[in-house]
Amino acid sequence: MPKIAFVGLGAMGSAMARRLLAAGHPVIGYNRPRAQADALASQGMTVADSARAAAEGADFVLSMVTDSEALQDVALRPDGILAGLKKGAVWAEMSTVSPVVTRMLGERVAQQGAIMLDAPVSGSTVTIAQGQLSFIVGGDETALERVRPYLLAIGPTITHVGALGLAVTMKIAINLGIAIQMLAFSESVLLAEKSGISREKAVEA
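Residues numbered from 1 in each chain as written. Predicted model: local features only at pLDDT ≥ 70, side-chain atom pairs only at ≥ 80, totals over all residues. Heavy atoms only, no water.

Concerning the nonpolar core
What counts, and what does not: Here, the term nonpolar core denotes a set of buried Ala, Val, Leu, Ile, Met, Phe, Trp, Tyr and Cys residues that are joined through side-chain atoms within 4.5 Å. Exposure categories follow from relative accessible area, calculated using a 1.4 Å probe and restricted to protein chains: below 20% of the type maximum is buried, above 50% is exposed, and the middle band is partly exposed. Counting from the N terminus, the helices are DSSP H or I runs at least four residues long and the strands are E runs at least two residues long. Any pair of residues with heavy atoms lying within 4.5 Å of one another is described as a contacting pair.
One finds Phe-6, Met-16, Leu-62, Met-94 and Phe-135 to be the most contacted residues of the largest nonpolar core, which totals 35 residues. At the level of secondary structure, the elements contributing two or more residues to this core comprise strand 1 (4-7), helix 1 (11-22), strand 4 (60-63), strand 5 (90-93), strand 8 (134-138) and helix 8 (141-152). The dominant element in this core, judged by the number of residues it contributes, is helix 1, at six residues. Filtering out sequence-adjacent residues up to four positions away, Leu-62 remains in contact with Ile-4, Ala-5, Phe-6, Val-7, Leu-20, Ala-92, Met-94, Val-147, Leu-151 and Ile-154. By size, the runner-up hydrophobic cluster in this structure holds 27 residues, among which are Ala-48, Trp-91, Val-101 and Val-109.

Some points on the environment of Met-116
When you line up the elements, Met-116 lands in strand 6 (residues 115-118). For Met-116 and Ile-4, which are 112 residues apart along the polypeptide, the C-alpha to C-alpha distance reads 14 Å. Residue contacts for Met-116: discarding those within four places in its chain leaves Trp-91, Glu-93, Thr-102, Leu-105, Gly-106, Val-109 and Leu-164.

Things to note about the packing of helix 6 (residues 99-111) against helix 9 (residues 166-194)
The line we're drawing: Here an axis means a line fitted to C-alpha atoms, over the contact stretch when the element is a helix, while the angle between two N-to-C directions is reported on a 0 to 180 degree scale. For this classification, under 35 degrees means roughly parallel, over 145 means roughly antiparallel, 65 to 115 means roughly perpendicular, and everything else is oblique. Crossings are sorted by hand: turned counterclockwise from the far helix by less than a right angle, the near helix makes the crossing left-handed, and turned clockwise it makes it right-handed. Think of it as three bins: nonpolar holds Ala, Val, Leu, Ile, Met, Phe, Trp, Tyr, Cys and Pro, charged holds Asp, Glu, Lys and Arg, and polar takes everything else, Gly as well.
Their axes nearest at 8 Å, the elements helix 6 and helix 9 cross at an angle of 165°. Judged by the inter-axis angle, helix 6 sits roughly antiparallel to helix 9. Crossing of helix 6 against helix 9: the hand is right-handed. Across the interface between the two elements, Pro-99, Thr-102 and Arg-103 from helix 6 touch Leu-166, Val-168, Thr-169 and Ile-172 from helix 9. Its residues assigned to classes, the contact of helix 6 with helix 9 shows four nonpolar, two polar and one charged.

Observations concerning unusual backbone geometry
Glycine aside, residues mostly have negative phi, and peptide bonds are mostly found in the trans state. Omega for the peptide link from Arg-32 to Pro-33 comes to 10°, which places this bond in the cis form. Mapped onto the fold, Pro-33 is located in the loop between strand 2 (27-30) and helix 2 (35-38).

Here's the deal with the packing of aromatic side chains
Applicable threshold: Ring geometry is summarised as follows: Phe, Tyr and Trp rings, the Trp one being its six-membered ring, pair when their centres sit within 6.5 Å, and such pairs are stacked at plane angles under 30 degrees, edge-to-face over 60 and tilted between the two.
Under the counting rule described, the total for this entry stands at one aromatic pair. A centroid spacing of 5.0 Å and a plane angle of 45° characterise the contact between Phe-60 and Tyr-150, whose relative ring orientation is tilted. Placement of the pair is Phe-60 in strand 4 and Tyr-150 in helix 8, with a sequence separation of 90 residues. An identical accessibility class is assigned to Phe-60 and Tyr-150; each is buried.

Some points on helix 4 (residues 68-76)
Three or four residues apart is the spacing at which side chains of an α-helix point the same way, because the helix has 3.6 residues per turn. To keep things clear, this is the line we draw: Picture the helix axis, draw a direction to every C-beta atom, and the arc is the one those directions span.
Buried within helix 4 we find Ser-68, Leu-71, Val-74 and Ala-75. Within helix 4, the buried residues cover an arc of 135° as seen down the axis, which keeps them to one side.

Quick look at the pairing of strand 5
Quick note on the threshold: We call two strands paired when DSSP finds no fewer than two bridges between them.
Side-chain alternation along strand 5 places Val-90 and Ala-92 on one buried face and Trp-91 and Glu-93 on a second face that is also buried. Examined bridge by bridge, strand 4 and strand 5 share four bridges and lie parallel to one another. Paired with Ser-63 across the two strands is Glu-93, which belongs to strand 5. Across four bridges, strand 5 lies against strand 6 in parallel orientation. Note on strand 6: the bridge partner recorded for Ala-92 is Leu-117.

Shown next, in the form of structure tokens:
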């Protein structure tokens, strides 16, 4: 069976890895701190001592980290993902990070004969548990088809938007839209309150 490495096992990453394990896929995972990875060992995940060790020999690498700085660290340090990434592997990077960082790493990955996809997600740990997570994907479509079965084990919706870096750009655009909608809603409720309508009734209406 294909070997899947998962790097970054925080709240979102752990929930994703659980779905892969529940679907019967072998997963080797790495997280710093290690305790969050060890918590998945009882569910069948193999725990790696470094991102490099997780990625070595993996056909597919999935990653979910906090931000661009964390991604560069886990990718580029001597015991990072790039040090272990094999030729022909597909790396689906699911964090919400800078498109510039994504493209830079994509070039480094290509130099090693592997392929990187940006695949940020829409949803939460609850969405993952319900099997309803959505992926936005940028990069090579053939590579997407290779990794598609494992993404589908996590969530049912995959939207390919174009070249590498465009998926995280789309995710940033979505986040901007959400922020504007939240602000508009807040202003609407405030207008109602100032007119003498209770906040509870305004929200209900």
